[in-house]
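Fold and geometry: a report
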Amino acid sequence: MALCATVVEIEDNLPLRVTGDRTNPLYGGYTCIKGRSLPKIHANPARVLHSLEKDAAGRRQAIEVNAAIDEIAARLSALIEQHGPRSVAFWFASAQNASSITYSVARAFANAVQTPMIFSVQTLDQPGLIIGRTLHGEWGGGEVRAADADAALVIGANPVISHQYLSQNPARRLKDSVNDGMKLIVVDPRSSETARRAHVHLQPRPGTDVAVIAGIIHLLIASDKVDREFLALNAKGFDSLARAVAPFTPERVARHAGLDAQAIIDAAHILGEAKMGYVAGGTGISMSGHGNLCFYLLRCLQTVRGFWPRAGTRVAGPSVLLPPTMPPTAQPLPLKPLFGDERLRVRNLKQSVVGMPASGLPDEILLDGPGQVRALIALGNPASSWPDTERARRALAKLDLLIVPTVEMSETADLANYVIAIKTILETPATTQFAEQVRKVHHGYGWDEGYAHHTPVLLNAPSGSDLIEEWQFFFRLAQRMGLQLQIPGADGGMRPVDMTREPTSEEMIDLLCEGSVVPLGVVRDARAGRVYAEADRIIGSRDPSCSDRLNLGDSLMMAELVRYAPTLEASPSDIAFPFRLTPRRSDGVVNSMYRRTPGMHKRHDNPAFMAPADLERLHIQPGTPIRISSPHGEIIAIAEAGAGLRPGVVSMSHGYGAMPGEDEDPSRGGANVNRLLRMDELHDSISGIPLMGAVPVAIEPAEMTTE
Ligand SMILES: Nc1nc2c(c(=O)[nH]1)N[C@H]1C(S)=C(S)[C@@H](COP(=O)(O)OP(=O)(O)OC[C@H]3O[C@@H](n4cnc5c(=O)[nH]c(N)nc54)[C@H](O)[C@@H]3O)O[C@H]1N2
Ligand SMILES: Nc1nc2c(c(=O)[nH]1)N[C@H]1C(S)=C(S)[C@@H](COP(=O)(O)OP(=O)(O)OC[C@H]3O[C@@H](n4cnc5c(=O)[nH]c(N)nc54)[C@H](O)[C@@H]3O)O[C@H]1N2
Ligand SMILES: [Mo]
């Protein structure tokens, strides 16, 4: 997703070496280890080179891809005929990011099926970002350009490793910004690669971020670091916010979050003195129970300080390969509704601005009766990445039809009725258009500059293989099912795709880029990633008649904050589950991807990082197994000392480990943290995201389970 510009050296249709493109204006030769590993991904012996079908006895055998599409089309059509379009569901996750065309065509296919059951990983990822933005309201001048900020607040995020918010050479860019005088505040219980550069590093108890952010806002208001002029024109609800954050004094927050009160004051001081602040919230605050409120309060903090781009400046992330948008203006946009019309049958879950709640999908498969989901097309590896593994697996196994397009086998592909073998990155043409689409959802992706890149096909599919591009699967399926695909047009409406002839991939890219700000031909001819100054747009001044306001006092959010305040005084007492399990990402590994590619990863487990003092106290040697138990389940993981980690915290990545009932060896395959989680308890009432961070767990030494 960082889309680093690379140079691929090829001999005899094989990639020999991938390096960064030094001529690139933004990346300057940078690429992360994942890009440099493309030759290994290409030579992956675990790659699927032929589509697979499971027969009645559960045996997998190769099937010619068009024969598989014929069978799938017939089975999907029969299900829709008998049970309606709702019986067919879609799972869109990080897998689709590998190709710039997949999402547009797959989404067009899902729309043509006319099922409401379109689920995406957004509701398990950072739904609070979208919900907080919706309730607070958006700024017509767009997001703050990172380069314009003289202070940054990074909370529950680690851009140096995740590349979220800093896609190009993140470690270097951060170092340069700090050297240029930018003041960095990091809030993370872990001494992360990003935190190591911070002027102020707050290490709160996991899950107490609401108090930390509310405490900072309270201090800004109390010390009158409020942009009154900005608020008078652009905001409403200031008094409600001021009242609701008043209980969050530095002393109370410090006691509750386990911090030093002076450090909170220092953080507020930096933000209070800054002319323009950049705010980056990530999965750490999203998953630990109050994601919506955390992200909402971050937006309020920006507004209280007037940290929004002003008229006369360049808009961040202008469209390049997308059509032009409304002219940017320095004023609030109209508030949008939070909920959609669709409802799930389970747990009162509803469609929201983030989409259908993923945590309800397993139960929609498991619950018999009208409206039940019977077929799932999954772009991703839900068997591994969904919380509550046991339930997820039961649901996936119950489906009449599970279809998984993929480049390699996975826990989900293992369960599939059909595995569709698709081409990989170097065998498909691509543009940066999809990153522009993603940026509209999460501004931590894409570029602040008007950047674009097109790459042609570099390699042919291996000889003897039977591979198609992922979008072709959806196009051919639509053809066989008599469905008309529609894609967005430059005028904002939908336009039909000619279904009588399958276009080439480059023709498909042409179609998707029609009406783009910079013509695709120009980007193609550049033959490398470039910044297009002609895409720049200057933010216009406000329309004097604009009556829209950013909302600092949303009633749902204020009510949650008022309910939170009394917990400031409660002392945490978890005798049975005294530790907090927190999520993290690791260098060189993306979710569960390429887990079966030899030589791809330096290590094959996801250690349970714990504070050295905790290890000592519990008589646990680093490198030895521990049992981690939650009220829901238990796993065995390998303990490792996390230098600078807050005591009481267990920090672990997801996407590893065995499925329930399988043999597991945590030192070889890691441990599956999702077995400790539940989908149906403690989930958020808007997005449905379950508790995936600050999870109460108990730790004890364990016997090594060796084979
Ligand atoms: N290398 C690599 N890069 C990736 C990915 C990957 O798997 N590997 N995945 C991609 C994906 S899918 C996503 S969504 C993004 C996510 O991008 P980020 O959100 O930046 O993800 P992380 O790097 O895990 O950073 C989250 C940080 O939150 C901290 N944290 C955990 N719990 C809490 C808490 O309760 N409070 C606070 N304040 N902090 C907490 C963790 O210690 C961690 O350092 O990364 C993307 N980039
Ligand atoms: N406990 C816990 N659970 C989590 C998280 C967490 O922090 N903690 N993070 C959540 C988040 S933020 C995310 S984004 C999800 C990630 O969940 P998913 O998006 O499901 O990610 P992966 O599990 O890596 O699945 C990607 C799969 O796609 C396959 N693949 C690779 N290339 C392609 C391609 O071109 N096309 C297709 N169709 N498939 C391909 C890979 O082999 C792999 O099996 O996990 C979520 N789950
Ligand atoms: Mo994610």
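Every value quoted in this text rests on a predicted model; they were computed, and no experiment measured them.

Let us look at the site of ligand 2. With respect to spatial proximity, 28 residues lie near ligand 2, and among them Ser94, Ser385, Glu470, Ser592 and Asn674 are the closest. Between ligand 2 and the protein, one listed contact pairs an oxygen atom with a side-chain N or O atom of serine 94 at 2.6 Å. Notes on ligand 2: free accessible area 920 Å², of which the protein chains cover 97%. Considered class by class, the residues forming the shell around ligand 2 number 14 nonpolar, 10 polar and 4 charged. Residue assignment places the shell around ligand 2 across two domains, with domain 1 (46-116 + 373-541) and domain 3 (573-701) each supplying three or more.

This part takes up the packing of aromatic side chains. On inspection of all chains with the given rule, the structure shows 14 aromatic pairs. Between phenylalanine 109 and phenylalanine 474, the aromatic rings sit 5.8 Å apart at their centres with planes inclined by 55 degrees, giving tilted as the arrangement. With phenylalanine 109 in helix α4 (residues 102-113) and phenylalanine 474 in helix α19 (residues 470-480), this pair connects stretches of sequence that are 365 residues apart. Each member of the pair, phenylalanine 109 together with phenylalanine 474, is buried. Relative to phenylalanine 230, the ring of tryptophan 139 has its centre 5.3 Å away and its plane inclined at 50 degrees; by these criteria the two rings are tilted. Of the two residues, tryptophan 139 sits in the loop between α5 (127-136) and β7 (151-155) while phenylalanine 230 sits in helix α9 (residues 228-234), which places them 91 residues apart along the sequence. Owing to a relative accessible area of 6%, tryptophan 139 belongs among the buried residues under this scheme. Here phenylalanine 230 falls in the buried class, since its relative accessible area comes to 4%. Site record: aromatic cluster; members linked through ring pairs are Phe90, Phe92, Tyr103, Phe109, Phe434, Phe473 and Phe474.

What follows covers the sheet that holds strand β26 (residues 625-629). Taken in spatial order, the 6 strands of this closed barrel run β24-β28-β25-β27-β26-β29, and their pairing is mixed. For this sheet, the mean angle separating the axes of adjacent strands, direction not counted, is 45 degrees.

This paragraph deals with the side chain of aspartate 21. Looking at where aspartate 21 falls in the secondary structure, it is placed in the loop between β2 (14-20) and α1 (33-36). Put simply, aspartate 21 is tucked away with no salt bridge, and the nearest opposite charge, on arginine 530, sits 5.4 Å away. Apart from the residues lying within four places of it in its own chain, the contact partners of aspartate 21 are Ala5, Thr6, Val7, Gly28, Gly29 and Ala528.

The next point concerns the state of the cysteines. Evaluated as defined, the whole model comprises 0 disulfides. Free cysteine cysteine 32: the closest other cysteine sulfur is in cysteine 4, separated by 5.3 Å. This cysteine, cysteine 546, is not joined by any disulfide, and cysteine 300 carries the nearest cysteine sulfur, 18 Å off.

Residues in close proximity to ligand 1 total 29 residues, the closest being Ser162, Asp188, Asp209, Thr283 and Val589. Aspartate 188 places a side-chain nitrogen or oxygen 2.5 Å from an oxygen atom of ligand 1. Look at ligand 1: alone it shows 920 Å² of surface, and the protein chains cover 96% of it. Elements with a minimum of two residues in the shell around ligand 1: α6 (159-162), α13 (283-286) and β24 (579-583). Taken together, the residues of the shell around ligand 1 break down into 9 nonpolar, 13 polar and 7 charged. For the shell around ligand 1, the two domains that each supply at least three residues are domain 2 (127-310 + 549-561) and domain 3 (573-701).

With that settled, consider the environment of asparagine 348. With respect to the helices and strands, asparagine 348 occurs in the loop between β12 (339-343) and β13 (350-352). Here asparagine 348 falls in the exposed class, since its relative accessible area comes to 54%. In sequence terms asparagine 348 and threonine 325 are 23 residues apart; their C-alpha atoms lie 36 Å from each other.

Conventions used here
Residues numbered from 1 in each chain as written. Chains lettered and ligands numbered in written order. Predicted model: local features only at pLDDT ≥ 70, side-chain atom pairs only at ≥ 80, totals over all residues. Heavy atoms only, no water. Near = heavy atom within 4 Å. Polar contact = N/O pair within 3.5 Å; in protein donor to acceptor, adjacent residues only side chain to side chain. Areas by Shrake-Rupley, 256 points an atom, 1.4 Å probe, with all protein chains shown as cover. Nonpolar A, V, L, I, M, F, W, Y, C, P; charged D, E, K, R; others polar. Domains from an automatic or database assignment. Phe/Tyr/Trp six-rings, centres within 6.5 Å; stacked < 30°, edge-to-face > 60°. Helix = DSSP H or I, 4+ residues; strand = E, 2+ residues; numbered from the N terminus. Buried < 20%, exposed > 50% of the residue type's maximum accessible area, 1.4 Å probe, protein only. Pairing = 2+ DSSP bridges. Axes fitted to C-alpha atoms, helices over the stretch in contact; angles between N-to-C directions. Lys, Arg positive; Asp, Glu negative; His and termini not counted. Salt bridge = Lys/Arg side-chain N within 4 Å of Asp/Glu carboxyl O. Contact = heavy atoms within 4.5 Å. Disulfide = S-S within 2.5 Å.

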